[in-house]
Structure formats: structure tokens, C-alpha cells
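# Structural overview
Chain residues, written in single-letter form:
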Amino acid sequence: MKQKNAAPVSVERLSVAYHKKPVLREITYASPEGELIGIIGPNGAGKSTFIKAVLGLLPLTGGSVHIYGQPYRATQQLIGYVPQRESVDWDFPTDVLDVVMMGRYGKLGWFKRPGKSDRDIAMACLDKVGMADFAKRQISQLSGGQQQRVFLARALAQDATIYFMDEPFAGVDAATEKAIIQVLQELRAHNKTVFVVHHDLQTVTDYFDSVILLNMRLIAAGPTKETFTVENLQKTYGGRLAILPRQFDLTMMG
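Now for a quick tour of the structure. (Residues numbered from 1 in each chain as written. Predicted model: local features only at pLDDT ≥ 70, side-chain atom pairs only at ≥ 80, totals over all residues. Heavy atoms only, no water.)

### Quick word on the overall build of the protein chain
Helix and strand counts for the protein chain come out as 10 helices and 9 strands. Here the protein chain, with 254 residues, has 51% of them falling under the buried criterion. The contacts in the protein chain between residues at least 6 apart in sequence include a share of 68% that link residues at least 24 apart. (Helix = DSSP H or I, 4+ residues; strand = E, 2+ residues; numbered from the N terminus. Buried < 20%, exposed > 50% of the residue type's maximum accessible area, 1.4 Å probe, protein only. Contact = heavy atoms within 4.5 Å.)

### Side note on the pattern of salt bridges
Scanning all chains against the criterion turns up 8 salt bridges. In this structure, Arg13 engages Glu26 in a salt bridge whose closest nitrogen and oxygen atoms are separated by 2.8 Å. Taken together, the residues span a long stretch of sequence, with Arg13 in strand β1 (residues 9-18) and Glu26 in strand β2 (residues 21-30) at a distance of 13 residues. When its relative accessible area of 47% is taken as the criterion, Arg13 is described as partly exposed. (Salt bridge = Lys/Arg side-chain N within 4 Å of Asp/Glu carboxyl O.)

### Structural notes on the layout of surface pockets
Taken as a whole, the second largest pocket encloses approximately 180 Å³ of empty space. The wall of the second largest pocket is formed by Cys125, Lys128, Leu156, Asp159, Ala160, Tyr163, Val183, Glu186, Leu187, His190 and Lys192. Secondary structure elements with two or more residues in the lining of the second largest pocket: α5 (116-128) and α7 (174-189). In terms of residue count, the dominant contributor to the lining of the second largest pocket is α7 (3 residues). Taken together, the residues that form the lining of the second largest pocket break down as 6 nonpolar, 1 polar and 4 charged. (1 Å grid on protein atoms, 1.4 Å probe; cavity = no way out; pocket = protein on both sides within 12 Å on 5 of 7 lines; lining within 4 Å. Points joined across faces, edges and corners; volume = space filled by probe spheres on them. Nonpolar A, V, L, I, M, F, W, Y, C, P; charged D, E, K, R; others polar.)

### Some thoughts on the packing of aromatic side chains
Considering all chains together, one arrives at 3 aromatic pairs under this definition. Aromatic side chains Phe164 and Phe195 sit 4.8 Å apart centroid to centroid with 10 degrees between the ring planes, which places their arrangement in the stacked category. With Phe164 in strand β6 (residues 162-166) and Phe195 in strand β7 (residues 193-197), the pair connects residues that are 31 residues apart, well separated along the chain. An identical accessibility class is assigned to Phe164 and Phe195; each is buried. A centroid spacing of 5.3 Å and a plane angle of 35 degrees characterise the contact between Phe169 and Tyr207, whose relative ring orientation is tilted. Of this pair, Phe169 sits in the loop between β6 and α7 while Tyr207 sits in helix α8 (residues 204-207), and the two are 38 residues apart along the sequence. Its relative accessible area of 9% is what places Phe169 among the buried residues. Members of the aromatic cluster, connected to one another through ring pairs, are Phe169, Tyr207 and Phe208. Directly above the aromatic system of Phe151 lies the positively charged group of Arg154, at a separation of 4.4 Å from the ring centroid. (Phe/Tyr/Trp six-rings, centres within 6.5 Å; stacked < 30°, edge-to-face > 60°. Lys NZ or Arg CZ within 6 Å of the ring centre and 35° of its normal.)

### Regarding the environment of Val99
Here Val99 is to be found in helix α3 (residues 96-101). In the structure, Val99 is positioned 51 residues away from Val150 in sequence and 7.5 Å away in space, judged by C-alpha atoms. In contact with Val99, not counting residues within four places along its chain, are Thr94, Ile139, Val150, Phe151 and Arg154.

### Examining the nonpolar core
Among the nonpolar cores identified, the biggest contains 46 residues, and Val100, Leu126, Met165, Leu184, Leu187 and Val194 are the most heavily contacted of them. Apart from residues no more than four positions distant in its own chain, Leu184 is found in contact with Leu36, Met165, Phe169, Val194 and Val196. (Core = buried A, V, L, I, M, F, W, Y, C linked by side-chain atoms within 4.5 Å.)

### Things to note about α7
Taking 1.5 Å as the rise per residue, α7 with 16 residues should run 22 Å; its terminal C-alpha atoms sit 23 Å apart, in good agreement. What α7 keeps buried is the set Thr176, Glu177, Ala179, Ile180, Ile181, Val183, Leu184 and Leu187. Between the side-chain oxygen at the start of α7 and the backbone nitrogen of Ala175 there is a gap of 3.1 Å, and the oxygen is on Asp173. Positive phi appears at Asn191, one or two residues downstream of α7, with a value of about 65 degrees. (Expected span 1.5 Å × (residues − 1). Polar contact = N/O pair within 3.5 Å; in protein donor to acceptor, adjacent residues only side chain to side chain.)

Listed below in C-alpha cells is the structure:
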């Protein structure tokens, strides 16, 4: 149940620690609705941790998370999630269609078997990412880019309102990257809110409506045109910012 006028995702003083070592410190943020939102920052900045904390996959050491003004547990059917490909056991003996069908269980509940309509939805999602011909292929036989497309199809099959995607473009070929961004833009056209952990600074302004700049704490958040600036990038990356995005003139660094 959504609260009227509540942000899709809001966090208040969110803090997370691993083995008592702080990873995220008192992050307060409220997302816009119906946008593609890039989560940007150096390695170890807490980007994946932020997603997992919002999803309830990690305990908080402080603060709170709300989805449309409600606790996550009351709204988890609204959420779709694409984890990092490296975190998945791709040797698990199952085929592509079965993986995508898993996305339907949130709608069905665990005790109701998926029917023909669910299968049709799963096949349509595979077709959307260019993988319909691989429906009966074992997932272990797919390339990295193909595996990523399958996981994207599974998220689409969830028919969620908010999506979290953890590095969906990592290690994929150009064709897969193009297919993924087309799907993301289609989700936005249907007023879905999509969070994407992203590393390629060169494509940020092309892909995202707004950005979250993280480095253990929230450096800046807002519309990409206003927030994705040299000053904010320097604050986020410090001395680790080796290459500026192409849209910035190098003389601006002086």
C-alpha cells in the first residue's frame, strides 16, 4: 500500500557497518518517481551496500528505510532486484525459462503454481531482452552478457514498480548494454523508478535522469545536469578520479 505523495524510496540517517566498521554513515535521501537513477562512487564506497540495506538484506546500525512511506516488508511486492552477476551460482541446474519464471512467485505466493499466463509473461520478458530463443538452454551454458539479460528478464517478470540493479552493465558486450538501456528507458516510460549501480562515468549523462554520489556518506543527489559536476566528482572520488567524463573540459580541473 502506497502512502499518497510519499517518495518511492526514502531513507533517514541510514547507517550500515560490517564487523563494527562503518560502511555507510547517516544517509538521508528521498528519490524522485519515474526516473532512471544512477548510484555513482568509487570501489568500496558502499553502493551495493546501499541497495542491500534498502532491500532489507543487511541489518542497519541506524536510521530507517521507507518505500512509498511504508516499511519494506509491507511493500516488497513492489520491488524488483537484479544482483551482481558474480553473486549468483550459475552452475545451478536450471534452464533460462525457469529462472525468469522465478520472478512470478512474488505475485503468485509460494504455494500457487505458475500457469500458462505466467509462462507467457516470462517468454515475453525473454523476448524483450533478446533471449527467447534460449528459453530451454541451461544457464551455465550462457555467456556473461546473456546471463545478465536473463536476470533482467526475471526482474521484468516481477512487474515491479521500483527496480534496483547492481552493476547490470558490468562485463557485458556493447549489444547487451544497448539492450539493457532500452529496457530501462521503457521502464521509465511506464513511470517505473529504477536505481542502477554504475561505474562508467562516460555514460552517466546519457543514461540517467538523476544521480546519487556516494562515498560512505552522501556527497550529493539530484538531477544529473545539476549534480554530476566536476566539483561533486572530486568530492566523491578524491585523488582516485583518474579520467574525467568526456563532457568536462580538463581545464576545469585547475
